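# Architecture and fold: a report
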Amino acid sequence: MALVTPARRNAEVVVAAVAARDGSRARAFAAKHDIARVHDNYPALIADPGLDAVYNPLPNSLHGRWTRAALAAGKHVLCEKPFTANAAEARAIAELAAMSDRVVMEAFHYRYHPLVLRIEQIIASGELGRLERVEAAMCFPLPKFADIRYNYSLAGGSTMDAGCYAVHMARTFGGATPEVVSARAKLRDADIDRAMTAELRFASGHTGRVRCSLWSSHVLQMSARVVGDRGELRVLNPVMPQLFHRLSVRSAGGRRVEHFTHRASYAYQLDAFAGAVLRGEAVKTGPRDAVENMTVIDAIYRAAGLPLREPS
């Protein structure tokens, strides 16, 4: 869904190889998706001279290590979110990326969909007036507690997995990186948050809130709300609008609902990555943006009294 299917419909991209720790799994995946080459381990794939770029969807704690390795091998990198285990690791990767001529992009696919571009346009137009409040939520049920997303050693936790989206939306729609005022976690165990709520404050004076969960009373909530002194915007499912979405705006001009294409956000993301690699086009979710996002995530964990995640 994130890469193979969009690549089939993108004339500029070929998924040419796959690797896994278990070679049999890689071969099965390659056969299912018609991928030409199989590598039995990650170093072999990264060293493949026939590859221009690497997609890194590994567990959170491994993102930094293998993005660093891919950069060292001269490969462009599309890295799944969250970018790294913590902000310090993100800064280190950002410094490496800045010293190279390679593209490093965090895979916040929603950011490239026309729905989100339109939300930014509405906010920037002044239709809502001066911003007062920005809220973002990413909650879904994950009752399989053996899942890696509940594993601290793999940099798990709801704020890492679901919350990285909510933080990113709050930053995008709020127009800046906020200060974390307070945070409250619901725990799966001593170090793993199954849910988190954090209050934010932006330098311009508006406030915010992010809410995320993998298991809580907020069973399914994927939404954002932007309030100004002259209007309000609400969006349902800004994360994967290809499945369903609703953007409603209330302002001096009245109330309206806007609708957008159901082309996948992942397809727009792959367009952007290919454009950056092949033509030097700018991306919206580069390493500097990733550092800002991880800085807020770290601050939420600190405010909630939980330890920062660590790389493997």
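All figures in this text were calculated on a predicted structure; none of them were measured in a lab.

## Side note on the sheet that holds strand 4 (residues 76–79)
- Strand order across the open sheet formed by three strands is 3-4-5, with parallel pairing between neighbours. Since the sheet does not close on itself, it has two edges, and those belong to strand 3 (53–56) and strand 5 (104–106), each with one partner. Averaged over all adjacent pairs, the angle separating strand axes in this sheet is 15°, with direction ignored.

## Here's the deal with empty space enclosed by the protein
- This structure, assessed with the given rule, holds one cavity of 30 Å³ or more.
- In terms of lining residues, the largest cavity is bounded by Thr 159, Gly 163, Ala 166, Val 167, Met 196, Val 210, Arg 211, Cys 212 and Ile 300.
- Secondary structure elements with two or more residues in the lining of the largest cavity: helix 8 (163–174) and strand 9 (207–213).
- Among the residues making up the lining of the largest cavity, the classes are represented as six nonpolar, two polar and one charged.

## Quick notes on the packing of helix 8 against helix 10 (residues 287–303)
- Interhelical geometry of helix 8 versus helix 10 gives an angle of 115° and a closest axis separation of 10 Å. Judged by the sense of rotation from one axis to the other, the crossing of helix 8 with helix 10 is right-handed. Mapping the contact onto sequence places Cys 164, Val 167, His 168 and Arg 171 in helix 8 and Asp 289, Glu 292, Asn 293, Val 296, Ile 297 and Ile 300 in helix 10.
- Counted by class, the contact of helix 8 with helix 10 contains five nonpolar, two polar and three charged residues.

## Considerations on the pattern of salt bridges
- Taken as a whole and judged by the stated rule, the model has 25 salt bridges.
- Between Asp 40 and Arg 27 there is a salt bridge; the shortest N-O distance is 3.3 Å. Placement of the pair is Asp 40 in the loop between strand 2 (37–39) and helix 3 (42–47) and Arg 27 in helix 2 (residues 23–33), with a sequence separation of 13 residues.
- For Asp 40, a relative accessible area of 45% gives the class partly exposed.
- What makes Arg 27 partly exposed here is its relative accessible area of 46%.
- We note a salt bridge from Arg 263 to Asp 271, for which the minimum N-O separation is 2.9 Å.
- Judged by its relative accessible area of 29%, Asp 271 falls in the partly exposed class.
- Through salt bridges with shared partners, a single network forms among Arg 133, Glu 135, Glu 199, Arg 209, Arg 225, Glu 232, Arg 234 and Arg 250.

## Some details on the layout of surface pockets
- If you add up the space inside the second largest pocket, you get close to 270 Å³.
- Surrounding the second largest pocket, 13 residues form its lining, Ala 97, Val 104, Gly 286, Pro 287 and Arg 288 being those nearest its centre.
- Sorting the residues of the lining of the second largest pocket by element identifies helix 5 (87–99) and helix 10 as the ones contributing at least two each.
- Per element, the largest residue contribution to the lining of the second largest pocket is three residues, and it comes from helix 5.

Rules used in this analysis
- Residues numbered from 1 in each chain as written.
- Predicted model: local features only at pLDDT ≥ 70, side-chain atom pairs only at ≥ 80, totals over all residues.
- Heavy atoms only, no water.
- Pairing = 2+ DSSP bridges.
- Helix = DSSP H or I, 4+ residues; strand = E, 2+ residues; numbered from the N terminus.
- Axes fitted to C-alpha atoms, helices over the stretch in contact; angles between N-to-C directions.
- 1 Å grid on protein atoms, 1.4 Å probe; cavity = no way out; pocket = protein on both sides within 12 Å on 5 of 7 lines; lining within 4 Å.
- Points joined across faces, edges and corners; volume = space filled by probe spheres on them.
- Nonpolar A, V, L, I, M, F, W, Y, C, P; charged D, E, K, R; others polar.
- Left-handed = near helix turned anticlockwise from the far one by under 90°.
- Contact = heavy atoms within 4.5 Å.
- Salt bridge = Lys/Arg side-chain N within 4 Å of Asp/Glu carboxyl O.
- Buried < 20%, exposed > 50% of the residue type's maximum accessible area, 1.4 Å probe, protein only.

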